[in-house]
Amino acid sequence: MKEGMKLILEKTVKAEETAAKVASGALDVFSTPMLIAFMENTAFNLAQKELEDGDTTVGISVNIKHLKANLVGDLLKCEALLTKIDGKKLFFNVKVTYNDEIVGDGEHIRYIVNEKKFIEKIRG
Ligand SMILES: CC(C)(COP(=O)(O)OP(=O)(O)OC[C@H]1O[C@@H](n2cnc3c(N)ncnc32)[C@H](O)[C@@H]1OP(=O)(O)O)[C@@H](O)C(=O)NCCC(=O)NCCS
């Protein structure tokens, strides 16, 4: 794992990802929760390929702006950049674009955990 690492993923907006469908709003536009999910998925995949078997990351913080609305069928691109590693905390800059226009951007933090221990701790 190294600061400066990047991953770019693409996705097409699906009918079940609109604000009206996920109940985060009334309109048939790409929802903010699904924008965040796309950002998290990109950062998660970037981190996961660098981790040992049995380890993973969980999202602990999201601070993003949703700047542009999108319709079903739009092709979006997300770039996750690992900006800082602080112990088990991984800081990412996440940016989603549509035809080179910024749809949303901000900071996302993930935390490295051992899968088995994490679940055992929750179950008690
Ligand atoms: C990640 C988690 C295990 C850390 O808990 P913990 O092991 O008890 O550790 P701590 O509470 O001491 O936190 C560890 C560090 O993360 C930081 N941290 C925890 N939650 C944070 C948050 N939401 N935002 C920023 N920093 C956070 C703490 O300040 C601490 O920082 P430090 O090491 O610099 O002091 C716990 O916060 C958690 O389970 N969060 C929920 C994650 C989740 O379920 N995500 C959805 C699934 S992917």
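As the structure is a prediction and not an experimental result, all values here were calculated from the model.

Turning our eyes to something else, we now look at the site of the ligand. Taken together, V58, G59, I60, S61, K89, Y111, F118 and K121 make up all the residues around the ligand. Contacts to the ligand include G59, whose backbone N or O atom sits 3.0 Å from a nitrogen atom. K89 is positioned such that a nitrogen or oxygen atom in its side chain is 3.1 Å from an oxygen atom of the ligand. Here the ligand has 940 Å² of accessible area as a free molecule, and 41% of this is covered by the chains. Residue assignment for the shell around the ligand shows that the elements contributing at least two residues are β2 (55-66) and α3 (115-123). No other element matches the four residues that β2 contributes to the shell around the ligand. Its residues placed into classes, the shell around the ligand shows four nonpolar, two polar and two charged.

By secondary structure assignment, the location of V103 is in strand β5 (residues 101-114). By relative accessible area, V103 is classed as buried at 0%. Not counting residues within four places of it along the chain, the set of residues in contact with V103 comprises L35, K65, H66, L67, K68, N70, L76, V96, T97 and Y98.

Once that is clear, we can look at the sheet that holds β2. Strand pairs in the sheet, formed through backbone hydrogen bonds, run parallel or antiparallel to each other. Spatial strand order, β1-β3-β4-β5-β2: five strands in an open sheet with antiparallel pairing. In the strand order of this sheet, the two ends are held by β1 (6-12) and β2, each with one partner. On average, each strand axis in the sheet is tilted by 25° relative to the strand beside it, whichever way the strands run. Across ten bridges, strand β4 (residues 89-98) lies against β5 in antiparallel orientation. Bridge assignment links Y98 to a residue of β5, and that residue is E101. Its contacts with the sheet place helix α2 (residues 32-48) against β1, β2, β3 (75-86), β4 and β5, and it is angled at close to 140° to β2.

Here we come to α2. In a regular helix each residue adds 1.5 Å, so 17 residues correspond to 24 Å; α2 covers 24 Å between its end C-alpha atoms and thus fits that length. Among all positions in α2, only L35, F38, M39, T42, A43, L46 and A47 are buried. With its buried residues spanning 165° around the axis, α2 presents them on a single face. You can read the cap of α2 off the contacts: a side-chain oxygen lies 3.2 Å from the backbone nitrogen of M34, and it is on S31.

The UniProt feature table records "binding site: CoA" (unreviewed entry) at G59. Structurally, G59 can be placed in strand β2. Residue classification places G59 among the partly exposed residues on the basis of a relative accessible area of 43%. With sequence-adjacent residues up to four places away left out, G59 is seen in contact with E40, H108, I109 and R110.

Our next topic: the nonpolar core. Judged by nonpolar contacts, the single largest core of 22 residues is most densely connected at L35, M39, L46, L76, F92 and V96. Of all the elements in the fold, those that place two or more residues in this core are α2, β3, β4 and β5. A per-element tally of this core places α2 first, with six residues. Aside from chain neighbours lying at most four places away, what touches L76 is L9, E10, K11, V13, F30, F38, N70, V96, T97, Y98 and V103.

Cut-offs used in this document
- Residues numbered from 1 in each chain as written.
- Predicted model: local features only at pLDDT ≥ 70, side-chain atom pairs only at ≥ 80, totals over all residues.
- Heavy atoms only, no water.
- Near = heavy atom within 4 Å.
- Polar contact = N/O pair within 3.5 Å; in protein donor to acceptor, adjacent residues only side chain to side chain.
- Areas by Shrake-Rupley, 256 points an atom, 1.4 Å probe, with all protein chains shown as cover.
- Helix = DSSP H or I, 4+ residues; strand = E, 2+ residues; numbered from the N terminus.
- Nonpolar A, V, L, I, M, F, W, Y, C, P; charged D, E, K, R; others polar.
- Buried < 20%, exposed > 50% of the residue type's maximum accessible area, 1.4 Å probe, protein only.
- Contact = heavy atoms within 4.5 Å.
- Pairing = 2+ DSSP bridges.
- Axes fitted to C-alpha atoms, helices over the stretch in contact; angles between N-to-C directions.
- Expected span 1.5 Å × (residues − 1).
- Arc of directions from axis to C-beta.
- UniProt positions renumbered as here; feature names shortened; annotations may be inferred.
- Core = buried A, V, L, I, M, F, W, Y, C linked by side-chain atoms within 4.5 Å.

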